[in-house]
Amino acid sequence: MLDHKENMHAGAVNLLTRCGGLSAGDSVLIVREPPGLGYYRECIVDGLTQAAASLGIRATLVQAPFTENATTPDEALVTAMRAADLTVFLARLGDQLRFQDLPGAIRAIVCYALDGIMLGSGFGRLDHAAMVQLRDRIDNAMGQARSITVTCPAGTDFTGHVAPVDAKPKDTNTIRFPLSVHSPVPAVNFSGRIAQRGFLVGTGSRFYQPYACALADVLFVEIEGNRITGFSGTTSDVARAEAHYRGIGERYGIDRYFVHSWHCGIHPGCAFRDPARDSFERWSGSAFGNPRLLHVHTCGAYAPGEISLNILDPTVTVDGIALWQAGRLVPEAIPGATEILDRHPELRAAYDAPAQDCGLGPAGALSFV
């Protein structure tokens, strides 16, 4: 049985080598937030620098200030990123830049394990290359499907397909670690309704206040292709949602009712043990990798938009076959995935007993309080 430090070390090695492709003699630039902000915990910074040293990888640590509306890194940081073989973001800046074009031949990882416990758990330690292979099988299944239907216990029901022109999904320009979602599915050919409980929340693109908007009951969001066409539910929830979308849309001058895309969590080790209400920013920045969550990018005609809709315990059927069943990813149902599980028995074991913690509040539901 490995102890905590050994587990964290194993997760850091997975990040640097299997994900980052580094070896002895290479260099890594670690970009961190100022200490004390509480988003990334200090132990993960130490764990990554120590693992790099043990592998003979030259690590340079730099600090990047947190800003609510970051769009490009400053010139000094770009210069440092170009000089390194790899950049690892232990800072929200990396998430804010994930859909931006990075200058030059920069390779960058955004780390979604926010502390040492997450890095040292199955979330950080499961073979990154195996997760990439599994993601690719899911992307292929989604892209080739004639019909995809999403439902959930709260009343979600939307259906569509991926158009041939969109069959190869577009994802981030940075590397995700751990790899915790499949590529975004364009919303353009989907319609139906999404049942949202608990709150509306930001996407990590910009950090505005209030970052989460409380909902007292189930809010139904009607969608038709790339549009939210209406809300239904309690009078107060509908009014609150309309005001929130209007406010964010006006603040940034964006199409507030645009629906860009959606994707599900795929990582069986992704656990978020604290209630989302303790930090909506941290929750929206990491919990999405749990297969119990599906999130939809809305408010803005770009990924990831500015408001995320989050569906708990989705069932996702692809041409009549459930790839997710009530929040549980069924890898055996994905064409070509069984061979991956056969090569990686630790991955099979993780899917047999996936993490269940995903930030739920009272009564096992997404909750603002």
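To be clear, the structure that these remarks concern was listed above.
Everything quoted here is computed from the prediction, not taken from an experiment. (Residues numbered from 1 in each chain as written. Predicted model: local features only at pLDDT ≥ 70, side-chain atom pairs only at ≥ 80, totals over all residues. Heavy atoms only, no water.)

Some details on empty space enclosed by the protein
(1) Moving on: One pass over the full model with this rule turns up 4 cavities of 30 Å³ or more.
(2) Moving on: Put simply, the second largest cavity is a space of about 70 Å³.
(3) Moving on: Of the residues assigned to the lining of the second largest cavity, the class counts are 7 nonpolar, 2 polar and 3 charged. (1 Å grid on protein atoms, 1.4 Å probe; cavity = no way out; pocket = protein on both sides within 12 Å on 5 of 7 lines; lining within 4 Å. Points joined across faces, edges and corners; volume = space filled by probe spheres on them. Nonpolar A, V, L, I, M, F, W, Y, C, P; charged D, E, K, R; others polar.)

Re the nonpolar core
(1) Moving on: Among the nonpolar cores identified, the biggest contains 73 residues, and Trp262 and Val316 are the most heavily contacted of them.
(2) Moving on: Looking at this core, the element that brings in the most residues is helix H7 (residues 128-144), giving 6 residues.
(3) Moving on: Ignoring any residue separated from it by four or fewer positions in sequence, one finds Val316 in contact with Met142, Ile148, Thr149, Val150, Trp262, Cys264, Leu294, Ile321, Ala322, Leu323 and Trp324.
(4) Moving on: Judged by nonpolar contacts, the second largest core, of 28 residues, contains Cys19, Leu22, Ala51 and Val88. (Core = buried A, V, L, I, M, F, W, Y, C linked by side-chain atoms within 4.5 Å. Buried < 20%, exposed > 50% of the residue type's maximum accessible area, 1.4 Å probe, protein only. Helix = DSSP H or I, 4+ residues; strand = E, 2+ residues; numbered from the N terminus. Contact = heavy atoms within 4.5 Å.)

Side note on the environment of Phe258
(1) Moving on: Within the element layout of this structure, Phe258 appears in the loop between helix H8 (235-252) and strand E14 (259-264).
(2) Moving on: When the C-alpha atoms of Phe258 and Asn226 are compared, they prove to be 5.5 Å apart, with 32 residues separating the residues in sequence.
(3) Moving on: In contact with Phe258, not counting residues within four places along its chain, are Asn226, Arg227, His297, Thr298, Cys299, Gly300 and Ala301.

Comments concerning the pairing of strand E5 (residues 148-151)
(1) Moving on: Residues of E5 alternate between two faces, with Ile148 and Val150 buried on one and Thr149 and Thr151 left unburied on the opposite face.
(2) Moving on: A loop of 5 residues connects E5 with strand E6 (residues 157-160), the two strands running antiparallel in sequence, and Gly155 in this loop sits at a positive phi of about 120 degrees.
(3) Moving on: Note that E5 and strand E17 (residues 315-318) share 4 bridges and pair antiparallel. Along E17, the bridge assignment pairs Val150 with Val316. (Pairing = 2+ DSSP bridges.)

As for the side chain of Glu281
(1) Moving on: Tracing the chain through its elements places Glu281 in helix H9 (residues 280-284).
(2) Moving on: Of the side chains bearing the opposite charge, Arg92 lies closest to the buried Glu281, which forms no salt bridge; the N-O distance is 6.0 Å.
(3) Moving on: Apart from the residues lying within four places of it in its own chain, the contact partners of Glu281 are Tyr39, Phe207, Gln209 and Tyr211. (Lys, Arg positive; Asp, Glu negative; His and termini not counted. Salt bridge = Lys/Arg side-chain N within 4 Å of Asp/Glu carboxyl O.)

A look at the sheet that holds strand E3 (residues 86-90)
(1) Moving on: With respect to topology, 5 strands assemble into an open sheet ordered E2-E1-E3-E4-E7, the strand pairing being parallel. Edge positions in the open sheet fall to strand E2 (58-63) and strand E7 (175-177), since each of these has one partner strand only. Shown here is a sheet whose adjacent strand axes are inclined to one another by a mean of 25 degrees, direction ignored.
(2) Moving on: Examined bridge by bridge, E3 and strand E4 (residues 108-111) share 3 bridges and lie parallel to one another. The residue bridging Val88 from the neighbouring strand is Ile109, located in E4.
(3) Moving on: Across the sheet, helix H3 (residues 75-83) lies against strand E1 (27-32), E2 and E3, angled at about 150 degrees from E1, the strand it touches most. (Axes fitted to C-alpha atoms, helices over the stretch in contact; angles between N-to-C directions.)

The analysis is restricted to geometry; functional conclusions fall outside its scope.
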